[in-house]
Amino acid sequence: ITDAIVAIDSKGHITFFNTSAERIFGWLASEAIGKNVRILVTDEHQHCHDMYIHNFIERRSSDVVGSTREVMAKRKDGTTFPVRLAIGFHQGASDNSFVAVISDISEQRHLAWALRENAKQYRSLIANLPCMAFREMTGGTRHMVYISDAAKSITGYSASVLTGENGVSHFVDRIHPTDAANYRKVREKVSRRNGKYDCEYRFSTRGDEEKWFWEIGLSYRAEDGSTWIDGVIVDITDKRQAEEDVE
């Protein structure tokens, strides 16, 4: 059993303390048994703990007993850590007892924090790129499921319009008709064999300005068999204009 199991009597004294509880809290069972359960409770809740027990025994009403919640607990060395706590109640012939099942969720909390930080850094990176990052599911028609916020400043359209979330339009509808056929050909070919591709095309912005885009992407197949493309779209209008001026 990896979870700590701790039993207390109606006065809050510990009557059972399993080996997982020893590992999690740092107390030996011989040290913990007989002590008040307050030794496992953070300082800010210690003064209320006896009252919780008394109120439940008197009224049989509590939002703690019979539920599972996440709280902070305290080790023998005084350090605090997050736990998932479930408490049950048993009414005996001579005394009442409470049994707590306690899971140390420090690692899960740390992992969740790390994932949030990574996501925050990724969003910050994408937001500051001088291009549009995108993800789409390939198939008969282009179904773009994500495009970065840079789309607004580059195209004048919000991401919801370009992805078709609001039912108005899709990105491909804004590609110049002359370039659309080659665009579809390049992407259909790469979606069948998976791999990298790039292509250039003209795009009509919300202000009817014609811009040149360079799209670089990678097509791959997911475990469920669906095919996807991740890529970036760079505004190369100035570069194309400079080339035309030289010619």
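Just so you know, these numbers come straight off a predicted model, no measurement behind them.

Novice: Hey, could you go over unusual backbone geometry for me, with residue numbers and the actual values?
Specialist: Excluding glycine, residues mostly have negative phi values, and the peptide bonds linking residues are mostly trans. With phi around 65°, Asp208 is a residue other than glycine that occupies positive phi space. Among the secondary structure elements, Asp208 is positioned in the loop between β8 (195-204) and β9 (210-221).

Novice: Before we move on, can you summarise the pattern of salt bridges with the specific residues and values?
Specialist: Overall, the coordinates contain 11 salt bridges when judged by the stated rule. Close ionic contact of Arg84 with Glu70 constitutes a salt bridge, the shortest N to O distance being 3.2 Å. Here Glu70 lies in strand β3 (residues 68-74) and Arg84 lies in strand β4 (residues 80-91), a separation of 14 residues in the sequence. Residue class for Arg84 comes out partly exposed when judged on its relative accessible area of 33%. Judged by relative accessible area, which is 42%, Glu70 ranks as partly exposed. A salt bridge links Lys211 to Asp235; the shortest N-O distance between them is 3.6 Å.

Novice: Hey, could you go over the sheet that holds strand β1 (residues 4-9) for me, with residue numbers and the actual values?
Specialist: Working definition: the strands of a sheet are paired by backbone hydrogen bonds and lie parallel or antiparallel to each other. Strand order in the open sheet made by the five strands is β2-β1-β5-β4-β3, with antiparallel pairing throughout. A single partner strand is all that each edge strand has here, and the edge strands are β2 (14-17) and β3. Within this sheet the neighbouring strands show an average axis-to-axis angle of 30°, counted without direction. Bridge analysis of β1 against β2 gives three bridges, and the strand direction is antiparallel.

Novice: Could you give an account of the sheet that holds strand β7 (residues 143-147), with specific residues and numbers?
Specialist: Here five strands make up an open sheet; going across it, the order is β7-β6-β10-β9-β8 and the pairing antiparallel. Each of the sheet's edge strands pairs with one partner strand only, and the pair in question is β7 and β8. The sheet shows a mean angle of 30° between the axes of neighbouring strands, direction not considered. Of the pairings in the sheet, the one linking β8 to β9 comprises 10 bridges and is antiparallel in character. Bridge pairing in β9 places Ser204 opposite Glu210.

Novice: Describe in detail the pairing of strand β6 (residues 132-137), supporting the description with residues and values.
Specialist: Strand direction decides the pairing type here: β6 and strand β10 (residues 227-235), joined by six bridges, are antiparallel. Looking at β10, one finds that Met137 is bridged to Trp228. Sheet analysis places β6 next to β7, joined by four bridges and oriented antiparallel. Counted as the bridge partner of Arg135 is Tyr146 from β7.

Novice: How would you summarise a nonpolar patch on the surface if you had to cite specific residues and measurements?
Specialist: Together, Met137, Val145 and Tyr146 give the surface a local cluster of nonpolar side chains, amounting to about 220 Å² of exposed area. Locating Val145 in the fold gives a position in strand β7. What makes Val145 partly exposed here is its relative accessible area of 35%.

Novice: Tell me about helix α7 (residues 177-193), and please be specific about residues and values.
Specialist: Helix length check: α7, at 17 residues, gives a terminal C-alpha distance of 26 Å against a target of 24 Å (1.5 Å per residue), a fit within 8%. Those residues of α7 that fall on the buried side of the exposure criterion are Asp179, Ala180, Tyr183, Arg187, Val190 and Ser191. Considered in projection along α7, the buried side chains sweep an arc of 115° and stay on one side of the axis. Away from the buried face of α7 by more than 90 degrees, exposed residues Thr178, Ala181, Lys185, Arg192 and Arg193 are located. In this fold, the buried residues of α7 make contact with β6, β8, β9 and β10. Downstream of α7 by a residue or two, Asn194 has a phi angle that is positive, lying close to 65°.

Analysis parameters
- Residues numbered from 1 in each chain as written.
- Predicted model: local features only at pLDDT ≥ 70, side-chain atom pairs only at ≥ 80, totals over all residues.
- Heavy atoms only, no water.
- Helix = DSSP H or I, 4+ residues; strand = E, 2+ residues; numbered from the N terminus.
- Salt bridge = Lys/Arg side-chain N within 4 Å of Asp/Glu carboxyl O.
- Buried < 20%, exposed > 50% of the residue type's maximum accessible area, 1.4 Å probe, protein only.
- Pairing = 2+ DSSP bridges.
- Axes fitted to C-alpha atoms, helices over the stretch in contact; angles between N-to-C directions.
- Patch = residues over 30% accessible without salt bridge, like charges linked within 9 Å, V, L, I, M, F, W, Y side chains within 5 Å.
- Areas by Shrake-Rupley, 256 points an atom, 1.4 Å probe, with all protein chains shown as cover.
- Expected span 1.5 Å × (residues − 1).
- Arc of directions from axis to C-beta.
- Contact = heavy atoms within 4.5 Å.

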